[in-house]
Amino acid sequence: LRTMLLHDTQRRFVVLHGARFGWDLGYRGELESLMRLRPNFTYIPSITRPDQDPHFQGLTGRIQALLEQGVVEQEAGIPLDPMEADVFLCGNPDMVTSVNSIIAALRAAQRRQSRLADRHAAQAEQLRSWGDTLRDAIEPLAQMGALHAALAAISGGPVAVLALRDHAPATN
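1. Quick look at the layout of surface pockets
Approximately 1600 Å³ is the volume attributed to the largest pocket. Lining of the largest pocket is provided by 45 residues; of these, V14, V15, L16, H17 and F88 occupy positions nearest its centre. Residue contributions to the lining of the largest pocket peak at seven residues, all from strand 1 (residues 13-19). When grouped by side-chain class, the residues that make up the lining of the largest pocket number 25 nonpolar, nine polar and eleven charged.

This is how it looks when you write it as C-alpha cells:
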C-alpha cells in the first residue's frame, strides 16, 4: 500500500477496516497518518462492539453492512464500482463471503444497466433512422405501415401511430 500510494498518485485507495474494538484495528495509527499525507487515500475504521469501547471515535457496524449503506461513497467520495475497482478482502470468512456476494450483485446490476443502455441506444438510432426516412420520403403516409411494425418491434408490444399533416386542407 505504501509503495502504491507513493508511485500511483492518480489512483484512489480506500481501506475499510473492521474489528471488534478500536485497539484491534492493527496499523490504525499508520493508516491514519497515510490518510493525512496522501490525498488519494481514505481510511475508514469501524468497530462492531462500541458498547465495550466507548472511547472509539468512528463508524460502527460490520463491513458488509457499511458497504450496503454506501459508506465508501460517502466517506471517500468515490463510487464502489466493481467494474473499475480492485477489491482485496482479508479477514473473517463470513465477511469475505458476504462482501463477495455484495460485489457480485453490484457487478450483475451494472451489467444489466449496461445492456439496457445499449438496447436503448440501438432503439434511439432506429427511431432516428425512421424519422429521417419519413422526413425525406416523397409519400410519408406510404411508410406508416412499416413504421408501425418497427415501433411495435422496438416497444415489444402494441403501438398506435397517428399521422398528422403539416398543412391544413385547402378551403374555398
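2. Looking at the pattern of salt bridges
Across all of its chains, the model carries four salt bridges by this definition. Linking E30 and R2 is a salt bridge whose minimum nitrogen-to-oxygen distance equals 2.4 Å. Within this pair, whereas E30 is found in helix 2 (residues 28-37), its partner R2 is found in helix 1 (residues 2-7), the two being separated by 28 residues in sequence. Take E30: its relative accessible area is 31%, and that puts it in the partly exposed class. Residue R11 is joined to D86 by a salt bridge in which the shortest nitrogen-to-oxygen separation is 2.3 Å. Pair noted here: R11 is in the loop between helix 1 and strand 1 and D86 is in the loop between helix 4 (71-76) and helix 5 (93-136), with a separation of 75 residues, a long-range link. According to the relative accessible area criterion, R11 is partly exposed, its value standing at 33%.

3. Brief notes about a positive patch on the surface
On the surface, R107, R111, R112 and R115 cluster together to form a positively charged patch. By secondary structure assignment, the location of R111 is in helix 5.

Procedures and definitions
Residues numbered from 1 in each chain as written. Predicted model: local features only at pLDDT ≥ 70, side-chain atom pairs only at ≥ 80, totals over all residues. Heavy atoms only, no water. 1 Å grid on protein atoms, 1.4 Å probe; cavity = no way out; pocket = protein on both sides within 12 Å on 5 of 7 lines; lining within 4 Å. Points joined across faces, edges and corners; volume = space filled by probe spheres on them. Helix = DSSP H or I, 4+ residues; strand = E, 2+ residues; numbered from the N terminus. Nonpolar A, V, L, I, M, F, W, Y, C, P; charged D, E, K, R; others polar. Salt bridge = Lys/Arg side-chain N within 4 Å of Asp/Glu carboxyl O. Buried < 20%, exposed > 50% of the residue type's maximum accessible area, 1.4 Å probe, protein only. Patch = residues over 30% accessible without salt bridge, like charges linked within 9 Å, V, L, I, M, F, W, Y side chains within 5 Å. Areas by Shrake-Rupley, 256 points an atom, 1.4 Å probe, with all protein chains shown as cover. Lys, Arg positive; Asp, Glu negative; His and termini not counted. Charge placed at Lys NZ, Arg CZ, Asp CG, Glu CD.

Taken by themselves, the reported measurements are silent on function.
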